Amino acid sequence: MEQKEFALLIDSTKHIVLSAIKKNLYEEFYDSIDDVAQETYIRAYKSLAANKFRGESSHSTWLYTIARNESLRMNQKRTRQANLASRLKEKVVLDSILNPKEEFDETGAELELKDLISNLPWKYKSVLALVSEGYKEQQIAQKLGIPEGTVKSRSFRGKQMLKKLFFQES
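The structure contained in this document is the topic of the report that follows. (Residues numbered from 1 in each chain as written. Predicted model: local features only at pLDDT ≥ 70, side-chain atom pairs only at ≥ 80, totals over all residues. Heavy atoms only, no water.)

### Overview of the packing of helix α5 (residues 122-132) against helix α6 (residues 137-144)
Part 1: Following both chains from N to C, one finds α5 and α6 inclined at 135 degrees, their axes separated by 10 Å at the closest point. Comparing the axis directions of α5 and α6 gives the class oblique. The handedness of the crossing between α5 and α6 comes out as right-handed. Taken together, the residues of α6 that come into contact with α5 (itself represented by Ser 126, Val 127, Leu 130 and Val 131) are Ile 140, Lys 143 and Leu 144.
Part 2: Residue classes in the contact of α5 with α6 are distributed as five nonpolar, one polar and one charged. (Axes fitted to C-alpha atoms, helices over the stretch in contact; angles between N-to-C directions. Helix = DSSP H or I, 4+ residues; strand = E, 2+ residues; numbered from the N terminus. Parallel < 35°, antiparallel > 145°, perpendicular 65-115°, else oblique. Left-handed = near helix turned anticlockwise from the far one by under 90°. Contact = heavy atoms within 4.5 Å. Nonpolar A, V, L, I, M, F, W, Y, C, P; charged D, E, K, R; others polar.)

Right, here's the structure in full:
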């Protein structure tokens, strides 16, 4: 297929391709419409150049199907990326609690974490503050005069509350 023919095909089918994309692409990913449309036409061009278009349907039906599939593929890709970003953010929060730095420099994230810890009820705040300073469970139990099991449960529950607070503010 020559460039002129392909350009005519694009002009005659762009409304159908965009319609398929808008019907199948999640609204929150509409910023990817151009990418999906471009990928649709790239796949179509490669198939036409390799004589893989069988002609069992019209070009518009064929391109609609490609656009739909590309939209679904983009939904999966962007959802995976969003989930990964969320898990990474959660890991950073938990790592900063579980693996405190020797010197606690006052960066924005660490200040935010200190602020969030200060919003917790005292029994959780006291445990997490000591965890963030690098104390072990046994040391925390001795310092606070509570059983080690209580330190473990308060640490766990405090971290759960902290995650909720952190992700509400984000």
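### A look at unusual backbone geometry
Part 1: The backbone phi angle of Asn 51 is positive, close to 55 degrees, even though this residue is not glycine.
Part 2: Structurally, the position occupied by Asn 51 is in the loop between α2 (33-49) and α3 (59-98).
Part 3: On the basis of relative accessible area, Asn 51 is assigned to the exposed category, the value being 69%. (Buried < 20%, exposed > 50% of the residue type's maximum accessible area, 1.4 Å probe, protein only.)

### Some points on α2
Every α-helix winds through 3.6 residues per turn, so residues three or four apart in the chain are directed the same way.
Part 1: Taking 1.5 Å per residue as the helical rise, α2 with its 17 residues ought to reach 24 Å, and the 24 Å between its terminal C-alpha atoms agrees with that figure.
Part 2: Buried residues of α2: Ile 33, Val 36, Ala 37, Thr 40, Tyr 41, Ala 44, Ser 47 and Leu 48, and no others. With its buried residues spanning 130 degrees around the axis, α2 presents them on a single face. Those residues of α2 that are exposed and angled more than 90 degrees off the buried face are Asp 34, Lys 46 and Ala 49.
Part 3: Where α2 ends, the next residue or the one after it, Asn 51, has phi of about 55 degrees, a positive value. (Expected span 1.5 Å × (residues − 1). Arc of directions from axis to C-beta.)

### A closer look at the nonpolar core
Part 1: The biggest cluster of nonpolar side chains holds 18 residues, and the ones touching the most others in it are Val 17, Ile 21, Leu 25, Trp 62 and Leu 63.
Part 2: Only α1 (3-24), α2 and α3 provide two or more residues apiece to this core.
Part 3: The greatest single-element share of this core, amounting to six residues, is contributed by α2.
Part 4: With near-sequence residues (within four places) excluded, Leu 63 lies in contact with Leu 9, Thr 13, Val 17, Thr 40, Tyr 41 and Ala 44.
Part 5: Ranked by size, the runner-up nonpolar core spans seven residues in total, among them Val 127, Val 131, Ile 146 and Val 151. (Core = buried A, V, L, I, M, F, W, Y, C linked by side-chain atoms within 4.5 Å.)

### Brief notes about the environment of Lys 89
Part 1: Its location among the elements puts Lys 89 in helix α3.
Part 2: Overall, Lys 89 belongs to the partly exposed group, its relative accessible area being 32%.
Part 3: The spatial distance from the C-alpha of Lys 89 to the C-alpha of Lys 163 is 9.8 Å, given a sequence separation of 74 residues.

### Brief notes about the side chain of Thr 40
Part 1: Mapped onto the fold, Thr 40 is located in helix α2.
Part 2: Thr 40 sits in the buried class, given a relative accessible area of 0%.
Part 3: The residues touching Thr 40, leaving out its near neighbours within four places in the chain, are Val 17, Leu 63, Ile 66, Ala 67 and Glu 70.

### A closer look at the packing of aromatic side chains
Working definition: an aromatic ring pair is given by the centre-to-centre distance plus the angle between the planes.
Part 1: A complete count under the given rule lists four aromatic pairs for this structure.
Part 2: Residues Phe 6 and Tyr 41 carry aromatic rings whose centres are separated by 6.3 Å and whose planes lie at 85 degrees to one another, so their mutual orientation is edge-to-face. Taken together, the residues Phe 6 in helix α1 and Tyr 41 in helix α2 connect sequence positions 35 residues apart. There is no split in this pair, since Phe 6 and Tyr 41 are both buried.
Part 3: Taken together, a centroid distance of 5.0 Å and an interplanar angle of 75 degrees make the contact between Phe 6 and Tyr 45 edge-to-face. Remark: Tyr 45 occurs in helix α2 and Phe 6 occurs in helix α1; sequence separation between them is 39 residues.
Part 4: Judged by relative accessible area, Tyr 45 falls into the partly exposed class, the value being 34%.
Part 5: Following the ring pairs from residue to residue traces out a cluster consisting of Phe 6, Tyr 41 and Tyr 45. (Phe/Tyr/Trp six-rings, centres within 6.5 Å; stacked < 30°, edge-to-face > 60°.)

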